[in-house]
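# Inside the fold
As a plain string of letters, each chain reads:
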Amino acid sequence: MKILAIESSCDETAAAVISDSKVLSNVISSQHFHGKYGGVIPELASRAHLDYISKVVHDALEIAKLNIHDIQALAVTIEPGLIGSLIVGSNFAKGLSLRYNLPIVPINHLDGHLYSGNIQDKTVEFPYVALVVSGGHTILFLVESYSSYKILGFTVDDAAGEAFDKIGTMLGLQYPAGPEIDMLAKKGNPKAYDFPRAMLHSGDYNFSFSGLKTSVRYFLNKNFPDGLSENQLPDLCASVQEAIVDVLVKKSIDASVEYNVKHLIIAGGVSSNSLLRERASKLAKLEGIKVVTLDPEYCIDNAAMIGFIAEKKLLENGTEKYNDLTFTANPGSLRAKSIKNKVD
Ligand code: KG4
Ligand code: ZN
């Protein structure tokens, strides 16, 4: 079966073709222009999706060496995300469905991330623990099968990527600051400054990063009231990164040990972070757990992950169920969803 998948939940316009769990193409157009505004501007994001979606879909088919008549089903992200952005992708998919008489599998964006480890590593065994960590999400899942998972914990305030980005702004870095903090940290001393690790010993799998942000703000006001010079950045970045990564790694490994899994998947934009990858792999190995990290094109928002889980759903439920086009895009409150699904 060949599936054309579309993802437009935030600031990446993406399309991919999946066939028998293989990625035939994975095209991502990132809206880098938001950097100059210090964050994603929803209205501009929707307009950019409108500008790029036809080309991205066209390119995905061309790279896969297929045309639309070779496709048997569509998949599209319908939640959670920016409503205007989600509407562009879901309406584009509905248009294709009506024109070419194709079923559409509506997909939750997080389902894409949490199964994305299975795209690259075919040895991953259920159950596994998945840490989905990005600019919008920080959630720990226990994944039991392609149709069943539980939320073990989530951030009670900011996402880890949001902490990287907001602290980066305080340090004078450009949005999104995660990659630059990662780079500068390599030249710094992670023990230079002792920033808080909130909820490290809370006894659950929840996270909190807004205290860290406030702590860095007070620290900068007190110690660097006249601003920072460039040579002060590496130690600050290394210390901030260390505080974030410490909590992410400890909770992910504790959960993997408690639920006795063999694999820990780390996915989402922040999973590109070099310290997170290295520390998690090293500590998990001591517990006999394999950490699965992803190539950059599967860390950031992409449509291959949407097509991959859509194919599993089609195999399980058949195509008939997906001829219904009455689904609507839903910005969702991730916090509400997390609380509703949380297991005790
Ligand atoms: O998944 P993504 O592309 O978009 C969503 O937020 O859904 O993730 C983007 C986030 C940003 O917060 C960015 O700063 C962060 O991922 N990020 C990183 C790194 N690369 C991207 N954070 C830390 N270290 C990195 N190397
Ligand atoms: Zn995402």
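## Some words on the coordination of the zinc ion (ligand 2)
- Only His 109 (NE2), His 113 (NE2) and Asp 301 (OD) from the protein reach the zinc ion (ligand 2) as donors, at distances of 2.1 Å.
- Of note, the zinc ion (ligand 2) draws all its donor residues from one chain, in the sequence arrangement H-x3-H-x187-D. Of this pair, His 113 sits in helix H3 (residues 109-114) while Asp 301 sits in the loop between helix H10 (296-299) and helix H11 (304-317), placing them 188 residues apart in sequence. Accessibility classification places His 113 together with Asp 301 in one group, the buried group.

## Notes on helix H2 (residues 83-100)
- Its 18 residues place the ends of H2 25 Å apart at the C-alpha level, agreeing with the 26 Å of an ideal helix rising 1.5 Å per residue.
- Among all positions in H2, only Ser 85, Leu 86, Val 88, Gly 89, Ser 90, Ala 93, Lys 94, Leu 96 and Ser 97 are buried.
- In this structure, the buried residues of H2 make contact with strand E1 (2-7), helix H1 (42-63), strand E4 (73-79) and strand E5 (104-108).
- Backbone geometry just after H2 places Asn 101 at a positive phi near 60 degrees.

## Description of helix H9 (residues 274-286)
- For H9, spanning 13 residues, the distance from its first C-alpha to its last is 19 Å, which sits close to the expected 18 Å at 1.5 Å a residue.
- Listed as buried for H9 are Leu 275, Leu 276, Ala 280 and Ala 284. For H9, the angular spread of the buried residues around the axis is 135 degrees, confining them to a single face. The exposed residues of H9 that point more than 90 degrees off its buried face are Glu 278, Lys 282, Lys 285 and Leu 286.

## Remarks on the site of ligand 1
- Around ligand 1 there are 17 residues in total, and Gly 135, Asp 165, Asp 182, Gly 269 and Asn 273 lie nearest to it.
- At a separation of 2.7 Å, an oxygen atom of ligand 1 approaches a polar backbone atom of Gly 135.
- One of the backbone N or O atoms of Gly 136 is found 3.4 Å from an oxygen atom in ligand 1.
- About the coverage of ligand 1: the protein hides 88% of its 550 Å² of free accessible area.
- Listed by contribution, the elements that provide at least two residues to the shell around ligand 1 are helix H5 (160-170) and helix H6 (178-185).
- Split into classes, the residues belonging to the shell around ligand 1 amount to five nonpolar, eight polar and four charged.

## Brief notes about the nonpolar core
- Core analysis: the biggest nonpolar cluster contains 49 residues, and Ile 244 and Leu 248 have the highest contact counts within it.
- Counting only elements with at least two residues in this core, the list comes to strand E6 (128-133), strand E7 (138-145), H5, H6, helix H7 (210-223), helix H8 (233-258), strand E9 (263-267) and H9.
- Sorting elements by how many residues they give to this core places H8 first, with 13 residues.
- Not counting chain neighbours up to four residues away, the residues in contact with Ile 244 comprise Ala 160, Ala 163, Phe 164, Phe 209 and Leu 212.
- The next biggest cluster of nonpolar side chains, apart from the first, holds 37 residues, and it includes Leu 114, Val 124, Phe 154 and Leu 314.

## So, the environment of Lys 312
- Counting through the fold element by element, Lys 312 comes out in helix H11.
- Considered as a pair, Lys 312 and Thr 328 are 16 residues apart in the sequence and their alpha carbons are 21 Å apart.
- Discounting chain neighbours no more than four positions away, the residues touching Lys 312 are Ser 21 and Tyr 146.
- Polar contacts involving the side chain of Lys 312 include one to the side chain of Ser 21, which spans 3.0 Å.

## With respect to the confidence of the model for the protein chain
- The share of residues in the protein chain with pLDDT of 70 or more is 97%, and the mean pLDDT across the chain is 95.
- Overall, residues 335-344 carries pLDDT values under 50, and its contacts beyond four positions in sequence, including any with other chains, amount to 19 contacts.

## Digging into the domain arrangement of the protein chain
- One can read the domain layout of the protein chain as domain 1 (2-113 + 301-332) and domain 2 (121-298).
- Each partner contributes residues to the interface: domain 1 has 21 residues there, and domain 2 has 14 residues.
- When domain 1 packs against domain 2, the two sides together hide about 1400 Å² of surface, and 58% of this comes from carbon and sulfur.
- When the area that domain 1 buries against domain 2 is broken down by residue, the three leading residues are Gly 35, Leu 110 and His 113, summing to 33%.
- At the junction of domain 1 and domain 2, the tally comes to zero salt bridges.
- Among the elements of the structure, strand E3 (22-30), H3 and H11 are those that each provide at least two residues to the side of domain 1 that touches domain 2.
- In terms of residue count, H11 provides more of the side of domain 1 that touches domain 2 than any other element does, five residues in total.
- Counted by class, the side of domain 1 that touches domain 2 contains eight nonpolar, nine polar and four charged residues.

Analysis parameters
Residues numbered from 1 in each chain as written. Chains lettered and ligands numbered in written order. Predicted model: local features only at pLDDT ≥ 70, side-chain atom pairs only at ≥ 80, totals over all residues. Heavy atoms only, no water. Donors = N, O, S within 2.8 Å, 3.2 Å for Na, K, Ca; no water. Helix = DSSP H or I, 4+ residues; strand = E, 2+ residues; numbered from the N terminus. Buried < 20%, exposed > 50% of the residue type's maximum accessible area, 1.4 Å probe, protein only. Expected span 1.5 Å × (residues − 1). Contact = heavy atoms within 4.5 Å. Arc of directions from axis to C-beta. Near = heavy atom within 4 Å. Polar contact = N/O pair within 3.5 Å; in protein donor to acceptor, adjacent residues only side chain to side chain. Areas by Shrake-Rupley, 256 points an atom, 1.4 Å probe, with all protein chains shown as cover. Nonpolar A, V, L, I, M, F, W, Y, C, P; charged D, E, K, R; others polar. Core = buried A, V, L, I, M, F, W, Y, C linked by side-chain atoms within 4.5 Å. pLDDT = per-residue confidence, 0-100. Domains from an automatic or database assignment. Buried area = accessible area lost by both parts, 1.4 Å probe. Salt bridge = Lys/Arg side-chain N within 4 Å of Asp/Glu carboxyl O.

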